[in-house]
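An overview of the molecular structure
Here is what each chain is made of, one letter per residue.
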2 protein chains.
Amino acid sequence: MKKILKKYSIILLTVFVVLSCKEKSTSQIHPDSQLEHPSLILTKQGVKEIRANLGSIPIFDKTLATTQKEINAEIENGFDVPIPKDYSGGYTHETHKKNYVLMQKSGVLYQILQDNKYAKFVKDMLFEYAKQYPTWPIHPKPRSYARGRLFWQCLNDSNWLVYTSQAYDCIYDFLSEEERNTLETDLFRPFADHISKDNPQFFNRVHNHATWGNAAVGMIALAMDDDELLDRALNGVKDENFNPDEKDNDGGYIRKDGQKIGFYANVDEPFSPDGYFTEGPYYQRYASYPFLIFAQALQNKKPEHKVFEYKDGVLLKSITALLNLSNADGEFFLLNDAQKGMSYFNASLISTVDIGYHFGGNNPELLSIAKKQDEVTLDDAGLAVALGIKEGKEKPFVKKSIELSDGAKGDEGAVGILRSDDLELVFKYTAHGLSHGHYDKLSFALFEDGKEVVQDYGMARFVNIEQKGGGNYLKENKTWAKQTIAHNTIVQNETSQFHGKYDIGSKHHSNKYVFSVDNDSLQVASAKEENAYPGTKLHRTLVAIKNSDSDKPYVLDIMNVESENSNQYDLPFYYLGQIMQTSFEYNKYQSPQVLGKSDGYQHLYKEASANANGENIKLTWLLNNQFYSYSAVTSNTDEIILGRIGANDPEFNLRQEPTLILRKKNKKNAVFASVIESHGTYNPVSELAVNAYSNVEKIIVAFNSKNYTAIVIKMKNGKENLFIMSNNNNNSKKEHTLSINGNSYNWRGSYTLINQ
Amino acid sequence: MKKILKKYSIILLTVFVVLSCKEKSTSQIHPDSQLEHPSLILTKQGVKEIRANLGSIPIFDKTLATTQKEINAEIENGFDVPIPKDYSGGYTHETHKKNYVLMQKSGVLYQILQDNKYAKFVKDMLFEYAKQYPTWPIHPKPRSYARGRLFWQCLNDSNWLVYTSQAYDCIYDFLSEEERNTLETDLFRPFADHISKDNPQFFNRVHNHATWGNAAVGMIALAMDDDELLDRALNGVKDENFNPDEKDNDGGYIRKDGQKIGFYANVDEPFSPDGYFTEGPYYQRYASYPFLIFAQALQNKKPEHKVFEYKDGVLLKSITALLNLSNADGEFFLLNDAQKGMSYFNASLISTVDIGYHFGGNNPELLSIAKKQDEVTLDDAGLAVALGIKEGKEKPFVKKSIELSDGAKGDEGAVGILRSDDLELVFKYTAHGLSHGHYDKLSFALFEDGKEVVQDYGMARFVNIEQKGGGNYLKENKTWAKQTIAHNTIVQNETSQFHGKYDIGSKHHSNKYVFSVDNDSLQVASAKEENAYPGTKLHRTLVAIKNSDSDKPYVLDIMNVESENSNQYDLPFYYLGQIMQTSFEYNKYQSPQVLGKSDGYQHLYKEASANANGENIKLTWLLNNQFYSYSAVTSNTDEIILGRIGANDPEFNLRQEPTLILRKKNKKNAVFASVIESHGTYNPVSELAVNAYSNVEKIIVAFNSKNYTAIVIKMKNGKENLFIMSNNNNNSKKEHTLSINGNSYNWRGSYTLINQ
């Protein structure tokens, strides 16, 4: 029955195309605006308005001039459509990648400038593809679980189609019916089929791969006015043979049995109601382009789908969520697999911001981001932004402390971001993050003014640098970057959380306990993890304190561990920079020793170690001419390890950066309490060191029970800050009374800070 | 006889002071302008002109406003004159240091703003010093060979006096005769005596220490109109008991027997006729302030000395020499002991540039540097600069390739700087550089657009960071930073050049062979060193080639070694960044091994090694998102060591940075030939790698004899560059003929490049 319907719709469509072409020969083209071209990212009305405003919309004009210059040069040079051969970084890969961008840009230029040479460039390239595509077998490189035909993976083929659909839409009316038939028959339909029907293990997922696939098929469907394909894009390929044990080449499961598929499923599941994308901001940045470009096209062409209202407007919410997941320089926080340096200056974010502004109620804060980007998309959305900026409507995009829930329903933990002056602390208590997830529940990273101070390693990959494993994930991504010890969180018995197993990790999430940021001088984020190590409960509280005891805010970190068994607990601290001083004596080895055998420990060198004596330890280090200190409580039998990344790294794939690991041995319960300060500066020109010393005299665990943990931070100025946390009641109205060393304290809510 | 003269001059002076004070009560003050105050950095006429221009000289007005704001706040806060106790970085050290700067600034403000509160601030502080100084014994910290009374070393006491003299000069007329007598008797004269007569081992040297001492005594002499002290400053302390074996705490000899002393000797000896300061730019920057501030004062007060014409105007030449020794960001090249990041934005360079402009014929190029500094000195020189900028006279300071001779007569080698587009290559073939010299003849470093690419380690010291050895030289400076293996030059038999002995090294210098930079596309610097290893001759040629084979210029490096004996030769290459790829297979060790036992080798880890097979080796690395490659010729028995700094470094004083060492074993003669390229970029936002691969296909030593070395660089584009060097005739007119593989080549001059 379905097949009959499909055939029928194809016939209908063919009839319609014939009809519409006939109509074109009359003066009135397409009475129905939904069948007009362009209609994906540009609309007929949009083109009209853009052309009317050209020359008076600086940011748009500038982008247009740059694009025109680039494309003119490329038209001059000619293009190449090489036989597919290489991995990313190689010539054929990079050339096909370049081609789709050129076609998209040239198509847009044709519409805006109405100069046929741009349409011709697209047409010529498309026909070259149409000629060759049918002759290309599956791409020769075997690494992917879903090999493309232009590229080694369907993912990149999908990229190609998302862009090329836009180009096709732009020159649709420039082509004859026969030409369109050729392109659609020889190129677009088989192309769309390859990445969908031929590769359901790629297309039918909830994963950024599938999002690209869905969007690609959806975009070409809209460009070709093909409802069958559109349905496939939105709701997935039906009738596939599904094997629930199948995995992709990153080791992630294809999908769970019974899981929804198609574009809507990809909106439903990975986005939380707050707009957080479960893989993390690096992949959200990557996925946001297909999500939003397709949503834009769908909205333009078929507004009846109300795609921007879907799931309470989550696609629009995801834009501000993503911007909030960037540091002061606009670089995304490292959560799960992520390459450092990716930022909202990425081209996909220009689209994202412009679409967010145009379709999301013209939020003037987005204009300030667009202004920093100094570029807009050459379409209706970009015009809206350019006009907004021209009219001076922009307002600063103020990033505040924010908690973004994870999970389709928002009940699978969250990311908590504490911002206090120049400090930004990212605290991870999320779900696993699909196949890109790291095993690092309750981990954190710290930034100051856009610079990473206490780092998350990110991924072990040099994207598109062919010399490093073809630009793909390196084996150290699995053996190091994903492992718990690579992160600033607890490792029990030298074993990664959830045994480093996706099957286990992806079933669980941490739980928010407290996120309270209304008081700028005392911000608290607290979360619990009870599944990473069965029988062991982890509870971490991160506090940003800003008061007169210190020029800058500082961070109190309390990690409570409670277990049924005796264990070894390691808490690494990945400071970046060079050691200036430690309060403890250590023994530096003649040669660094490999720290362990597996779970990432095999990649760490032990350079020096020390035995704690129960006193505080302090490490002061220098990074980017800033002095930082880490002060921590120890027990008598604790070991301190000064380590460095880089062992068992035969090709120097890892960055040889330092860590301090505080190791507690043979304990059931433990409290790790520490303070991180940014306190001083060094100027290599004046050679002056200002505030080179920590302001913290001593940290004391003043009280610890199942219900309460109290930490005293004695400052060098004589003041004491007593922070008390209620460990098992997070009700903000609850009244507490606690006696510590004969003093009675009363407060309301889950925590209190007493400065005395 | 001398003593009688001295006494006589004191009597004369006293009489004169009495007379001049009497005169002051009349309307005409000081008929002789040489006895006016102020007269050191400000003159009466200068003050008049400054006051007339205030409000219309933006850069001066801005500096004045900043200074006024700073000093007002300090006056508000009050000051402290603590009992001396600490090393640099500590409270008493930093406070006394701060005090002299405050006094200098406040004195100047008094003159310019004519507000008595500034004079009073200086006066109060001076009287506090005058009260306490006589009670202070020698500074308690024992590290210096010449301990001060305010500071742990006379050097810092001298700094104090250089600044304070200016303050005293500014408020001279504000004080009564009695007040002046008190200050001069209780403070200034004993102070000057302490750093000169009491410490001739400090004062009577040719060394930056002595320069500060000489200038300090000279400045206070000028302020007090004391000719005896002035003579001491200019010509040294006579009649000292001199021990030629004595050394300072950096291990340098105090001076050679019979060496001239005093300020003029310090101009004569360390400056070459080109204005290069033999210790290197980092210390020139430090010494330039006393040299020039004192020269300025002497010129203002006693122009008959014609100090700026001394030694053919070398003090003025030294200013442009120093500016030429900075990279594109204005940071000084690392030669000998030097801390990274020091630049012409340092306060002493503001003085230097302003004085250079005012007293050196108003060179408009200096105005562009002053404009970048965005600050001027608040004195006559600063006014001249401010007026020049206001009048739009500035021209760009264009840094070109330049050779700066070393040695008092300019015949002790040189520094050669090749500049080609964004590349800057610094080639060292100098004399030793006094006690701050490193044992690294024929070493080089490479910068691109202000960023160091192939590094000179610099010094092992964190200046003024108290936590690191009191901010002083660390022991690793001697055991690592000064040793040959820490540099990009030849080490024979794992022993530093000159056995790492100052006595030997300071007797020798390298020799310039060729420095030819007129042709922008082919620049050659070539030098020889024949004393570093007796019996072994080193000849290095560095060539900057710019042609159509590559988007950017690249560097050809030819190191010829010729010895009477068989030796091991190590040539380290201190690339900065992360390995992307090597053309050779290496074996990375499970744990890094310490490379050697002494001469700096004990500080290197061997992380991996490889045996060369006679083919080229290539290393491609990534730094600051730029791709670089090093390609080198090898012989069959060569060893390649991938190393890292940091062994035997018990306090993490060293930066753990990488190196590649090419080791040739059991050879008499050897040619090391390599090419260094900057060829590509990586953009972490677009994730695009552009030109990630080297353009060099192969390097071949096509010919090598006593007289000629010929290198072929085969490019990937098929072109070949044949570079031929005449090794024993550097006459630029000489005609050469050489047959290589049956082809005959004819050229004129010491080298040729044939692109075929």
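Everything numeric here is computed off the predicted structure, so don't read it as measured data. (Residues numbered from 1 in each chain as written. Chains lettered and ligands numbered in written order. Predicted model: local features only at pLDDT ≥ 70, side-chain atom pairs only at ≥ 80, totals over all residues. Heavy atoms only, no water.)

1. Some thoughts on the overall build of chain A
Along the backbone of chain A there are 18 helices and 26 strands. Here chain A has a C-alpha radius of gyration of 28 Å; the compact-globule value for 756 residues is 27 Å, and the two agree. With the C-alpha coordinates aligned to their principal axes, the bounding extent of chain A is approximately 95 × 55 × 55 Å. Counting only contacts in chain A whose residues sit at least 6 apart along the sequence, the fraction spanning at least 24 positions is 67%. Total accessible area computed for chain A in this model is approximately 27100 Å², and 49% of it derives from carbon and sulfur atoms. When the 84 basic and 94 acidic side-chain charges of chain A are each reduced to a single mean position, those positions are 3 Å apart. (Helix = DSSP H or I, 4+ residues; strand = E, 2+ residues; numbered from the N terminus. Rg over C-alpha atoms; globule rule 2.2 N^0.38 Å. Contact = heavy atoms within 4.5 Å. Areas by Shrake-Rupley, 256 points an atom, 1.4 Å probe, with all protein chains shown as cover. Lys, Arg positive; Asp, Glu negative; His and termini not counted. Charge placed at Lys NZ, Arg CZ, Asp CG, Glu CD.)

2. Some thoughts on the environment of D570(B)
Residue and element names in this part refer to chain B. Relative to the helices and strands, D570 resides in strand β11 (residues 567–573). On the basis of relative accessibility, which here comes to 0%, the residue D570 falls in the buried class. In this structure the C-alpha to C-alpha distance between D570 and V491, which are 79 residues apart in sequence, comes to 5.1 Å. Setting aside anything within four residues of it in sequence, one finds D570 in contact with I485, T489, I490, V491, E494, Y601, I661, L662 and R663. Side chain to side chain, D570 and Y601 meet in a polar contact 2.6 Å long. Looking at D570, its side chain comes within polar contact range of the side chain of R663, at 2.7 Å. (Buried < 20%, exposed > 50% of the residue type's maximum accessible area, 1.4 Å probe, protein only. Polar contact = N/O pair within 3.5 Å; in protein donor to acceptor, adjacent residues only side chain to side chain.)

3. Considerations on the UniProt feature "domain: Alginate lyase" (unreviewed entry) in chain A
Under the UniProt annotation, the feature "domain: Alginate lyase" (unreviewed entry) is placed at residues 106–323 of chain A. Taken as a whole, residues 106–323 of chain A contains 61% helix and 0% strand, while its terminal C-alpha atoms sit 29 Å from one another. (UniProt positions renumbered as here; feature names shortened; annotations may be inferred.)

4. Things to note about the confidence of the model for chain A
Of all residues in chain A, 96% attain a pLDDT of 70 or more, and the chain-wide mean is 94. In the model, residues 1–31 of chain A has pLDDT below 50 throughout and makes 24 contacts with residues more than four positions away in sequence or in other chains. (pLDDT = per-residue confidence, 0-100.)

5. Considering the pairing of strand β7 (residues 511–516) of chain A
Along a regular strand, successive side chains alternate from one face of the sheet to the other. Residue and element names in this part refer to chain A. Relative to strand β8 (residues 522–529), β7 is paired through five bridges, and the arrangement is antiparallel. Following the sheet pairing, K512 is matched in β8 by A527. The turn joining β7 and β8, which pair antiparallel and follow one another in sequence, is formed by five residues. (Pairing = 2+ DSSP bridges.)

6. Points about the nonpolar core
Grouped together as the largest cluster of nonpolar side chains are 138 residues, with contacts concentrated most on L126(B), W160(B), Y168(B) and F188(B). At 12 residues, helix α12 (residues 281–301) of chain B tops the list of elements feeding residues into this core. Beyond its immediate stretch of four places on either side in the chain, W160(B) contacts H96(B), Y100(B), M103(B), L126(B), Y129(B), L150(B), F151(B), L187(B), F188(B) and F191(B). L161(A), I195(A), Y283(A) and F359(A) belong to the second largest nonpolar core, which has 137 residues in total. (Core = buried A, V, L, I, M, F, W, Y, C linked by side-chain atoms within 4.5 Å.)

7. Some remarks on the relation of the copies chain A and chain B
Taken as rigid bodies, chain A and chain B are interconverted by a rotation of 180 degrees and an axial shift of 0.0 Å, the fit giving an RMSD of 0.0 Å. The superposition of one copy onto the other is thereby described by a two-fold rotation axis. Comparing interface residues between copies, 100% of those in chain A also lie at the interface in chain B; the contact surface is shared. (Least-squares fit on C-alpha atoms with pLDDT ≥ 70 in both.)

8. Section: unusual backbone geometry
The phi torsion of most residues other than glycine is negative, and most of the peptide bonds are trans. Residue P38(A) is reached from H37(A) by a cis peptide bond, and omega for that bond is -5 degrees. Counting through the fold element by element, P38(A) comes out in the loop between α1 (2–24) and α2 (44–53). Phi at E687(B) is positive, roughly 60 degrees, even though this residue is not glycine. Structurally, E687(B) is set in the loop between β19 (670–683) and β20 (688–690).

9. A word on the UniProt feature "domain: Heparinase II/III-like C-terminal" (unreviewed entry) in chain A
The UniProt feature table records "domain: Heparinase II/III-like C-terminal" (unreviewed entry) at residues 406–662 of chain A. End-to-end, the C-alpha atoms of residues 406–662 of chain A are 30 Å apart, and along that stretch the chain is 4% helix and 44% strand.

10. Structural notes on the domain arrangement of chain A
All names here are of chain A. For chain A, the assigned domains are domain 1 (1–31), domain 2 (79–269), domain 3 (271–399) and domain 4 (405–677). A separation of 40 Å is found between the C-alpha centroids of domain 2 and domain 4. On the side of domain 4, 15 residues touch domain 2, which itself brings 18 residues to the contact. Roughly 1200 Å² is buried in total at the junction of domain 2 and domain 4, and carbon and sulfur atoms are behind 43% of that figure. When residues of domain 2 are sorted by the area they lose upon contact with domain 4, S88, D250 and Y253 head the list and together hold 36% of the total. For the interface between domain 2 and domain 4, the tally reads zero salt bridges. A breakdown of the residues in the side of domain 2 that touches domain 4 according to their chemical character gives four nonpolar, six polar and eight charged. (Domains from an automatic or database assignment. Buried area = accessible area lost by both parts, 1.4 Å probe. Salt bridge = Lys/Arg side-chain N within 4 Å of Asp/Glu carboxyl O. Nonpolar A, V, L, I, M, F, W, Y, C, P; charged D, E, K, R; others polar.)

11. Considering the packing of aromatic side chains
Within the structure shown, the criterion is met by 74 aromatic pairs over all chains. Geometry around Y513(A) places K528(A) over its ring, the cationic atom sitting 4.5 Å from the centre. (Phe/Tyr/Trp six-rings, centres within 6.5 Å; stacked < 30°, edge-to-face > 60°. Lys NZ or Arg CZ within 6 Å of the ring centre and 35° of its normal.)

12. Remarks on the environment of K399(A)
Residues and elements named next belong to chain A. By secondary structure assignment, the location of K399 is in the loop between α16 (380–390) and β1 (402–405). Taking the C-alpha atoms as reference points, K399 and F121, 278 residues apart in sequence, are found 43 Å from one another. At 2.7 Å, the side chain of K399 and the side chain of S326 are in polar contact.

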